[in-house]
Structure formats: structure tokens, C-alpha cells
Amino acid sequence: MESKNKKKVSISIDPDIWEDAKIKLGNCSNFIESQLEMYLSNDLSEEREVLKLIEEKNAELSVLEGKLCKLREARLSKVDEMNIFEAPMVSINRIHGNLGHIGKNQIKRFASRNEVPYDALLDHVVNEGLNVVNFAEVRQ
């Protein structure tokens, strides 16, 4: 730490602190020089940059995790929706296969029996491409 050429500088320090430092440290110049040397050798700017990148990536990760949760919820909702239509669709498909169409009155009856919302079941039947008419009776 001792070098041949030293530069004399002046700094402003609170007088009480300076007196306490001289009592505890003796040679304050050596202490200040060693502290400055330690600070300069431990340049934290690279570490700060890495921490900043980590924070940015964590923020991106958080956004992606939120997006993943929403996608999973949507997928599970569709699976649940398909499952609630499974039972009524067996009968609806059978009737449609026999008649070539299904009546809204019949869809309403199957919705009620299976405790499925009528509008949701009707939309599902239409999305399945089945021919829906306003009223139909099963042929005997």
C-alpha cells in the first residue's frame, strides 16, 4: 500500500470525527488510503449490472408465469366445459343421427336434465355442426 510518491490532498471532515479517528486509528492517512483502495478494487458496477439484469429477467419471468396461468385456466375451463356437455351430447347425437336435426326444445330438455346451462349447450351443439331446428319431436 505504501508507495514512493504520495500526493498531499485536503479533505473536509467534521472536527469531532477527525479527533475520534486520530485517537482510534493513529495515522488516518493510511486508513483513508486503504479504504479508497478497497473501494476502487471492489468496483461494484458490474455486480450492479448483473443484479439489474436479474431483476429485469425476474420481471419478464413473472409476466410469463402469469400468462401461463391464464392459458392453463382457459384450457382447464374448456376441458371442464367439454365434460359438462358429455352426458347430454350422447342423447343429442343419437337423436340428430336418427332425425338429421335436433330441436331447441329437445336441447332445452337435455340441458335441464343434466343441469347444464341451456345457452351454453345450444352454443356447443351449434359449434359441433349439428342441424338445429326450433322444434322437433322424436319419431315413434
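Use the structure listed above.
It should be emphasised that the depicted structure is a prediction, and the values quoted were computed from it without experimental measurement.

## Some remarks on the layout of surface pockets
Right, on to step 1. Approximately 370 Å³ is the volume found for the largest pocket.
Right, on to step 2. Residue lining of the largest pocket: K6, K7, K8, V9, I11, I13, W18, S29, N30, I32, E33 and L36, and that is the complete set.
Right, on to step 3. It is helix α2 (residues 28-41) that contributes the most residues to the lining of the largest pocket, 5 residues altogether.

## Some thoughts on the side chain of H101
Right, on to step 1. Structurally, H101 is set in the loop between α3 (45-99) and β1 (102-103).
Right, on to step 2. Engagement of the side chain of H101 in a polar contact is seen with the backbone oxygen of L99, the distance being 3.3 Å.
Right, on to step 3. Sequence-distant contacts of H101, that is, excluding residues within four places in its chain, are made with I95, H96, N131, V133 and A136.

## Notes on α2
The α-helix advances 3.6 residues per turn, and as a result positions three or four apart in sequence lie on the same side.
Right, on to step 1. Its 14 residues give α2 an end-to-end C-alpha distance of 20 Å, which sits within 8% of 20 Å, the value for a rise of 1.5 Å per residue.
Right, on to step 2. Of the residues that open α2, the one with a side-chain oxygen 3.0 Å from the backbone nitrogen of S29 is N27.

## Observations regarding the packing of helix α1 (residues 15-25) against α2
Right, on to step 1. Running from amino to carboxyl end, α1 crosses α2 at an angle of 95°, the nearest separation of the two axes being 9 Å. The pairing of α1 with α2 is recorded here as roughly perpendicular in orientation. Of α2, the residues touching α1 (which contributes W18, A21, K22 and L25) are C28, F31 and I32.

Conventions and cut-offs
Residues numbered from 1 in each chain as written. Predicted model: local features only at pLDDT ≥ 70, side-chain atom pairs only at ≥ 80, totals over all residues. Heavy atoms only, no water. 1 Å grid on protein atoms, 1.4 Å probe; cavity = no way out; pocket = protein on both sides within 12 Å on 5 of 7 lines; lining within 4 Å. Points joined across faces, edges and corners; volume = space filled by probe spheres on them. Helix = DSSP H or I, 4+ residues; strand = E, 2+ residues; numbered from the N terminus. Polar contact = N/O pair within 3.5 Å; in protein donor to acceptor, adjacent residues only side chain to side chain. Contact = heavy atoms within 4.5 Å. Expected span 1.5 Å × (residues − 1). Axes fitted to C-alpha atoms, helices over the stretch in contact; angles between N-to-C directions. Parallel < 35°, antiparallel > 145°, perpendicular 65-115°, else oblique.

By themselves, these observations are geometric and do not establish any function.
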